[in-house]
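# Structure at a glance
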Amino acid sequence: MIKELTKAEEQIMLILWEMEEALVKDVIEKMNEPKPAYNTVSTVIRVLEGKGFVDHKAIGNTYIYFPVIKEADYKKFALDKVMNNYFENSYESLVSFLVKDKIMSNDELTELIRLAEKLKKDQS
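Residues numbered from 1 in each chain as written. Predicted model: local features only at pLDDT ≥ 70, side-chain atom pairs only at ≥ 80, totals over all residues. Heavy atoms only, no water.

This brings us to the pairing of strand S2 (residues 62-67). With 6 bridges joining them, strand S1 (residues 54-59) and S2 adopt antiparallel strand pairing. Bridge pairing links Val54 to Pro67 in S2. Connecting S1 to the next strand, S2, in antiparallel fashion are 2 residues, including Gly60 with a positive phi near 65°. (Pairing = 2+ DSSP bridges. Helix = DSSP H or I, 4+ residues; strand = E, 2+ residues; numbered from the N terminus.)

This is the structure:
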């Protein structure tokens, strides 16, 4: 079962998903300034291991970390959580919110409708 990530955990997972595998120092190099301390990043990665998001392979005294949970699986989990908590599991409510608050343009809405119709047709 996927668990929710903290902001710090999510930031590190985004880097690991992008890099596919990395040393702690590689993760730090990809982070924005001000860069956190090595021990901080190392601790967060170990927490991610405990949550089942990350594993490692040891080469001598060096650990190379890699994601176990796929980014697509976490995206689905996160979207399901937002849909459930804020939009009563209604994609209509989500799209209505995006259009009313002008987050989505008319062209994007038209493209979304076209894509939905194509997916619906492909499933038939």
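Here we take up the domain arrangement of the protein chain. Partitioning the protein chain into structural domains gives domain 1 (7-67) and domain 2 (71-123). Between the C-alpha centres of domain 1 and domain 2 there is a distance of 31 Å. (Domains from an automatic or database assignment.)

For helix H1 (residues 7-19), spanning 13 residues, the distance from its first C-alpha to its last is 19 Å, which sits close to the expected 18 Å at 1.5 Å a residue. Among the residues making up H1, those that are buried are Glu9, Ile12, Met13, Ile15, Leu16 and Trp17. The first or second residue beyond H1 is Glu20, which carries a positive phi of 75°. (Expected span 1.5 Å × (residues − 1). Buried < 20%, exposed > 50% of the residue type's maximum accessible area, 1.4 Å probe, protein only.)

Another point: the nonpolar core. Residues Ile12, Val27 and Phe53 are the most contacted members of the largest nonpolar core, which totals 21 residues. Mapped by element, the contributors of at least two residues to this core are H1, helix H2 (24-30) and helix H3 (38-50). By residue number, the principal contributor to this core is H1, which donates 5 residues. Beyond its immediate stretch of four places on either side in the chain, Phe53 contacts Ile2, Lys3, Leu5, Met13, Leu48, Phe66, Pro67, Val68, Ile69 and Tyr74. Among the nonpolar cores identified, the runner-up in size contains 5 residues, and Phe87, Leu94, Leu98 and Met104 belong to it. (Core = buried A, V, L, I, M, F, W, Y, C linked by side-chain atoms within 4.5 Å. Contact = heavy atoms within 4.5 Å.)

Before going further, it helps to spend a moment on unusual backbone geometry. Residue Pro34 is reached from Glu33 by a cis peptide bond, and omega for that bond is -10°. Considering the arrangement of structural elements, one finds Pro34 in the loop between H2 and H3. Positive phi values are uncommon outside glycine, yet Glu20 reaches one of about 75°. Here Glu20 lies in the loop between H1 and H2. By relative accessible area, which is 59% here, Glu20 ends up exposed. Residue Asn89 is not a glycine yet carries a positive backbone phi of 60°. Along the chain, Asn89 falls in the loop between helix H4 (71-86) and helix H5 (91-100).

Here Phe87 is to be found in the loop between H4 and H5. Under the relative-accessibility criterion, Phe87 is labelled buried at 12%. Taking the C-alpha atoms as reference, Phe87 lies 20 Å from Ser105; in sequence the two are 18 residues apart. Not counting residues within four places of it along the chain, the set of residues in contact with Phe87 comprises Val82, Ser93, Leu94 and Phe97.

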